[in-house]
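Below are the chains, spelled out letter by letter.
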Amino acid sequence: MRALPGLLLTLAIGAATGLGLTALSVGRSTGAGTFRIGPWLVTPKAGTAEADPYARAVAARLGTLPLALADGLALVADQDEAGAALDGRCTYRFHGPVPPARYWTLTTAGSDFQPVVREGFRQGFTSYEVVRGTDGAAEVLVAPQARAGNWLPSGGAGELRLVLRLYDTAVATTISAGTPLPSLTKVSCP
Amino acid sequence: MTDLSPRRLADIGRERFARILGVLPWIVAGLLLGVAVHIVSVFALPRLAPDDARARLSEVATVNRLTTLSGRASVILPLADPAFETAVCRFDLTSGPLHVRAPVTPHYTAIALYTSTGLAFGAINDRAATRRVLDLFVVTQAQRREITTDEDETAADNLILVSPTTEGFVLIRALAVQPSLAPLVRDQLASQALCEILTPEMAPPTE
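Quantities reported herein were computed from a predicted structural model and do not represent experimental measurements. Per chain, residue numbering runs from 1 following the sequence as it is written. As they are written, the chains are lettered A onward and the ligands numbered 1 onward, keeping that order. For this predicted model, a pLDDT threshold of at least 70 governs which residues receive local features, and a threshold of 80 or more governs which side-chain atom pairs are given and counted, while totals over whole chains, interfaces and linings are taken from all residues.

K.L.:
In this structure, what is going on with the sheet that holds strand 9 (residues 194–197) of chain B? I would like to understand it.
P.N.:
For sheets, the rule is that strands pair by backbone hydrogen bonds, running either parallel or antiparallel. Residue and element names in this part refer to chain B. Each pair of strands is called paired provided DSSP finds at least two bridges between the two strands. Labels follow the DSSP assignment, with helices taken as runs of H or I lasting at least four residues and strands as runs of E lasting at least two, numbered in each case from the N terminus. The sheet built from four strands is open, its strands ordered 7-6-3-9 with mixed pairing. Strands with a single pairing partner mark the edges of an open sheet, and in this sheet they are strand 7 (159–162) and strand 9. The mean angle between the axes of side-by-side strands here comes to 20 degrees, regardless of whether they run parallel or antiparallel. Inspection of the sheet shows strand 3 (residues 98–103) paired to strand 6 (residues 133–139) by six bridges, in the antiparallel sense. Note on strand 6: the bridge partner recorded for Ala102 is Leu134. For every element, the axis is a line fit to its C-alpha atoms; helices are fit only across the contacting stretch, and the angle between N-to-C directions ranges from 0 to 180 degrees.

Okay, here's the thing in structure tokens:
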């Protein structure tokens, strides 16, 4: 092939694959340092000075600051126990036990981590205010319509994420694929 | 009329193969370039992203002073925990070390430190508090060498964290365990939290 068309082909392929790969990995908020435990995605080093470049790029794109590790650890669920993507129109049951932490919070978020519920609606539960069952475990129902018990409004729109943040916990440094985490089961869908 | 004898077909086949072989090096080079572009763009994003945390916070926070992010901090900083009240301090250590003071709120308080590109380089929470306030000093490597502790104080009384960069952010975060307690926590932060640069004339507070 002649030099000029060849060079143009190289540049075109380079730009397309390079930027495409970046858009895919950073856009989906996954990367080298992220791993999955059941429905939960965790990037343990995101809140440290050893954060991998993907985690830093994701944070820069979202316009957010990661949770510093000595402060807490964030776990993001984008699918339920069975592996189906979370949908704001369905009803899910979040059931403890939550790893030992001084406090934890469970909040809803959209696909780009913007709030999914309007001002005035509950965005999340803290471990302090959640009503517990007789076994001491916390059970939260994430649903578009009000439910008895701990009801977390899901917003009723398509994409949904649940963020579990554990504060002041040893699990921040010891988390691994074997750490027991709360379950997230789909109860029903319209 | 097209000549489709076996010899002619073989010639055509060889021509096509040669043409593909000619394009191959360019394609391979393109893919390698793609990998390089990908790596460079991922590294460049924290510095180039137009709407990153630094841009968002620069709009509301002034340098070396504390600003409470009222209402929902999640609006300015997505992914901020809605149960937390947050105060932010942009710092610039060129004129001296930074002194951060956070009140110990009833349930959970943390001070988190970030470089200007959003890398968390340290945090402490109220477990480290020995009094009703948390005092922390953020210094550059050069300033750290200059700080000497008096014989009366022990090193443990002064929490000193070295910042890898001269500019960055401090987030003071306080948990409101239920929404009705949020105004109380916000008021405590607004009235008792502090962020100031210690110029050479000022001695670090010792009380």
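Once you've had a look at it, read on.
K.L.:
Explanation requested: the packing of helix 2 (residues 53–62) of chain A against helix 1 (residues 6–48) of chain B in the structure shown.
P.N.:
The angle between the axes and the distance between the axes are what describe a pair of packed helices. The geometry of helix 2 of chain A relative to helix 1 of chain B is characterised by a closest axis approach of 8 Å and an angle of 40 degrees between their N-to-C directions. Relative to helix 1 of chain B, the element helix 2 of chain A is oriented oblique. Between helix 2 of chain A and helix 1 of chain B lies a crossing of left-handed hand. Facing A:Pro53, A:Tyr54, A:Arg56, A:Ala57, A:Ala60 and A:Arg61 of helix 2 of chain A, the residues of helix 1 of chain B in contact are B:Val42, B:Phe43, B:Leu45 and B:Pro46. When describing relative orientation, an angle under 35 degrees is termed roughly parallel and one over 145 degrees roughly antiparallel, while 65 to 115 degrees is termed roughly perpendicular and anything else oblique. By the definition used in this description, the sense in which the near helix is turned from the far one sets the handedness, with an anticlockwise turn below a right angle giving left-handed and a clockwise turn giving right-handed. C-beta atoms are placed from the backbone for every residue, and two residues are taken to be in contact when these atoms lie within 7 Å.

K.L.:
Sorry if this is basic, but what is going on with the domain arrangement of chain B here?
P.N.:
For interface size, the figure often reported is the accessible area lost on association. Structurally, chain B comprises domain 1 (1–48) and domain 2 (53–197). Look at where the C-alpha atoms of domain 1 of chain B and domain 2 of chain B centre, and you get two points 54 Å apart. Where a domain begins and ends is set by an automatic assignment or by a domain database.

K.L.:
Any chance you could explain the nonpolar core here in plain terms?
P.N.:
Note on terminology: a nonpolar core is a set of buried residues of type Ala, Val, Leu, Ile, Met, Phe, Trp, Tyr or Cys, with members joined through C-beta atoms within 7 Å. Each residue is classed by its C-beta neighbour count within 10 Å, where at least 20 other C-beta atoms makes it buried, 12 or fewer makes it exposed, and intermediate counts make it partly exposed; the C-beta atoms are placed from backbone geometry. With 95 residues, the main nonpolar core has A:Leu73, B:Val100, B:Ile111, B:Ala112, B:Ala123, B:Val170 and B:Ile172 as its most contacted residues. Among all residues touching B:Ile172, those that are not within four sequence positions of it are B:Thr86, B:Ala87, B:Ala102, B:Ile111, B:Leu189 and B:Ala193.

K.L.:
Before we go on, may I ask you to explain helix 2 of chain A in this structure?
P.N.:
At 3.6 residues per turn, the α-helix brings residues three or four places apart onto the same side. Burial runs high along helix 2 of chain A: nine of the 10 residues are buried. Of all the residues in helix 2 of chain A, the buried ones are A:Tyr54, A:Ala55, A:Arg56, A:Ala57, A:Val58, A:Ala59, A:Ala60, A:Arg61 and A:Leu62. Next to the buried residues of helix 2 of chain A lie helix 1 (3–27) of chain A together with helix 1 of chain B. A positive backbone phi angle near 75 degrees is found at A:Gly63, which sits one or two residues after helix 2 of chain A.

K.L.:
Teacher, can you tell me more about the sheet that holds strand 1 (residues 66–69) of chain B here?
P.N.:
All names here are of chain B. Overall, antiparallel pairing links the five strands, which are arranged 1-2-8-4-5 in an open sheet. The two strands at the open ends of the sheet, each matched to only one other strand, are strand 1 and strand 5 (120–125). Strand-to-strand twist of the sheet, defined as the mean angle between neighbouring strand axes without regard to direction, takes the value 20 degrees. By the bridge criterion, seven bridges tie strand 4 (residues 109–115) to strand 8 (residues 167–175) in an arrangement that is antiparallel. The residue bridging Ile111 from the neighbouring strand is Ile172, located in strand 8. The sheet strands contacting helix 5 (residues 182–192) are strand 1, strand 2 (84–92) and strand 8, and the helix crosses strand 2 at an angle near 20 degrees.

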